[in-house]
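Observations on the three-dimensional arrangement
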Amino acid sequence: QVQLVESGGGLVQAGDSLRLSCAASGRTLSNYGMGWFRQAPGKERAFVSAIRWSSGSTYYADSVKGRFTISRDNAKNTVYLQMNSLKPEDTAVYYCAAILGLTYATMMRWTTYDYWGQGTQVTVSS
């Protein structure tokens, strides 16, 4: 019903910037919430950021606040994650996810989301 495809990952050096994209298809995203999660080797899948499609309200994990920015493009049905001042600890596979009716209480839990992309690798070297 909703297909998500991430892109934009790569290998960069500490301090560099990178922009991830998540293109959605299958249906319109009105009333949906979109989230970004990441999973580093040996770690649990962790919340990074989320956005309410209709209102544009944004939310961030403390670890990325002030460095990352989430946004959406209605015409392209795409959500972005702009990552600045990247650190080696940002290295992970980044996943885009979608849920109909995102709530604040559950948005940080990966089990909340119904639709997932395949992930894109981000590697930050020192």
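In the block above lies the structure referred to throughout.
As for the sheet that holds strand S3 (residues 18-25)
An order of S1-S3-S8-S7 is seen for the 4 strands of this open sheet, with the pairing classed as antiparallel. Edge strands, defined here as strands with exactly one partner in the open sheet, are strand S1 (3-7) and strand S7 (68-73). The mean inter-strand angle of the sheet, taken between neighbouring strand axes irrespective of direction, is 15 degrees. As judged from the 5 bridges shared by S1 and S3, these two strands associate in the antiparallel manner. The residue of S3 that forms the bridge with Ser7 is Ser21.

A closer look at unusual backbone geometry
Even without glycine at this site, Asn31 takes up a positive phi of about 75 degrees. Looking at the element boundaries, Asn31 is found in the loop between S3 and strand S4 (32-39).

Description of the state of the cysteines
In total, this model carries 1 disulfide according to the counting rule given. Here Cys22 is linked by a disulfide to Cys96, with a sulfur-sulfur distance of 2.1 Å. With the S-S dihedral at roughly -80 degrees, the linkage between Cys22 and Cys96 falls on the left-handed side. Separated by 74 residues along the polypeptide, Cys22 in strand S3 and Cys96 in strand S9 (residues 92-100) bring together distant segments of the chain. Using a relative accessible area of 0% as the deciding quantity, one classes Cys22 as buried.

Notes on the nonpolar core
Residues Leu4, Met34, Trp36, Leu81, Met83 and Tyr94 are the most contacted members of the largest nonpolar core, which totals 38 residues. If you tally residues by element for this core, the top one is S9, at 6 residues.

About the thresholds
Residues numbered from 1 in each chain as written. Predicted model: local features only at pLDDT ≥ 70, side-chain atom pairs only at ≥ 80, totals over all residues. Heavy atoms only, no water. Pairing = 2+ DSSP bridges. Helix = DSSP H or I, 4+ residues; strand = E, 2+ residues; numbered from the N terminus. Axes fitted to C-alpha atoms, helices over the stretch in contact; angles between N-to-C directions. Disulfide = S-S within 2.5 Å. Buried < 20%, exposed > 50% of the residue type's maximum accessible area, 1.4 Å probe, protein only. Core = buried A, V, L, I, M, F, W, Y, C linked by side-chain atoms within 4.5 Å.

Spatial relationships are all this shows, so hold off on functional conclusions.
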